[in-house]
Amino acid sequence: MTSAAAAGSPVDGILATVTIVLSLVLAAWSLVTAARNRPPDRTHLLGLAVLEVALLALTVVALLALGGGDRPGEPGAFAGYLVTLVFLPPLAAVLARMEPTRWGAAIIGVVCLVLPVVVVRLQQTWEVVGG
């Protein structure tokens with residue numbers, strides 16, 4: 001991909017970087033918690049909430065770009081990744097609450113490892129135009 005294609009993407013930039021970093025920090029924290037044989041606590045759920053707010057902001061930016069006439073290269077895949085991005089953190093929170101053991105923390109950790117991949121794929125599906 002050229003830098004010109006990346007520059008025109010509404011899902012690329014500081015907001016995407018923030019979501020990726022937040023997700024990786026929460027993943028590491030959750031996996032250390034699981035390795036210590038501890039269940040997730042409220043601070044893990046708070047971390048998921050903060051991450052969700054960042055992901056919702058990224059979603060709003062993408063939807064505003066769509067409303068403004070911009071189009072991703074793969075609209076179906078883009079929509080699928082966008083929906084997945086929004087629903088994974090709440091799903092992780094629910095599953096972690098249902099599993100109040102170390103595996104609840106592991107669930108949060110694994111979901112937070114998947115989210116950066118989804119963000120990158122979201123960027124790639126937008127940048128296909130002209131590629």
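Above this text sits the structure in question.
Worth saying up front: this structure is predicted, and the values here are computed from it rather than measured. For every chain, the first residue of the written sequence is number 1, and numbering continues from 1 onward in sequence order. Confidence filtering applies because this is a predicted model: local features only for residues at pLDDT of at least 70, side-chain atom pairs given and counted only at 80 or more, and all residues used for totals across whole chains, interfaces and linings. The basis for the side-chain values is all heavy atoms of the structure; hydrogens and waters are excluded.

(A) View of the overall build of the protein chain. Per the convention used, a helix needs a DSSP run of H or I reaching at least four residues, while a strand needs a run of E reaching at least two, with both numbered from the N terminus. Helix and strand content of the protein chain: five helices and zero strands. When the helices and strands of the protein chain are placed in sequence order, the string is α-α-α-α-α. The buried share among the 131 residues of the protein chain stands at 37%. Contacts in the protein chain between residues far apart in sequence, at least 24 positions, make up 84% of those at least 6 positions apart. When the accessible area of the protein chain is evaluated, it comes to approximately 7,000 Å², of which 71% is carbon and sulfur surface. We count Lys and Arg on the positive side and Asp and Glu on the negative side, and we leave His and both chain ends out. Taken as the charge centre is NZ of Lys, CZ of Arg, CG of Asp or CD of Glu, depending on the residue. A distance of 15 Å separates the average location of the 7 positive side-chain charges in the protein chain from that of its 7 negative side-chain charges. Burial classes: relative accessible area under 20% of the type maximum marks a residue as buried, over 50% as exposed, and values in between as partly exposed (1.4 Å probe, protein chains only). Here, two residues are considered to be in contact whenever any of their heavy atoms come within 4.5 Å of each other. Values of accessible area rely on a 1.4 Å probe in the Shrake-Rupley scheme; residue burial ignores everything except the protein chains shown.

(B) Local environment of the side chain of Thr59. Along the chain, Thr59 turns up in helix H3 (residues 42–67). Residue class for Thr59 comes out buried when judged on its relative accessible area of 8%. N or O atoms closer than or at 3.5 Å make up a polar contact, with two conditions inside protein: a donor-capable atom paired with an acceptor-capable one, and, for residues adjacent in sequence, both atoms drawn from side chains. A polar contact is formed between the side chain of Thr59 and the backbone oxygen of Leu55, at a distance of 2.9 Å.

(C) Here's a closer look at the environment of Leu122. Mapped onto the elements of the fold, Leu122 is located in helix H5 (residues 102–126). Considering only alpha carbons, one finds Leu122 and Pro72, 50 residues apart in sequence, at a separation of 9.2 Å.

(D) Molecular detail of the packing of helix H2 (residues 14–35) against H5. Orientation is described by lines fitted to C-alpha atoms, with helices fitted over the stretch in contact, and by angles between N-to-C directions that extend from 0 to 180 degrees. Contact pair H2 / H5: the axes reach a minimum separation of 7 Å and the direction vectors enclose 160°. As summarised for this structure, H2 and H5 are arranged roughly antiparallel, according to the angle between their axes. Once H2 is placed against H5, the crossing between them reads as left-handed. For classification, angles of less than 35 degrees are called roughly parallel, those exceeding 145 degrees roughly antiparallel, those between 65 and 115 degrees roughly perpendicular, and all remaining angles oblique. Each helix crossing is assigned a hand: it is left-handed if the near helix lies turned anticlockwise from the far helix by less than a right angle, otherwise right-handed if that turn is clockwise.

(E) Examining a nonpolar patch on the surface more closely. Patches here: salt-bridge-free residues with over 30% relative accessible area, like charges joined within 9 Å, nonpolar side chains (Val, Leu, Ile, Met, Phe, Trp, Tyr) joined within 5 Å. Only one rule defines a salt bridge in this text: a Lys or Arg side-chain nitrogen within 4 Å of an Asp or Glu carboxyl oxygen. Among the surface-exposed residues, Ile14, Val18, Leu22, Leu46 and Val50 lie close enough to one another that they form a single nonpolar patch of about 450 Å² accessible area. Of all the elements in the fold, those that place two or more residues in the nonpolar patch are H2 and H3. Residue contributions to the nonpolar patch peak at three residues, all from H2. Within the element layout of this structure, Leu22 appears in helix H2. Assessed through its relative accessible area of 32%, Leu22 is described here as partly exposed.

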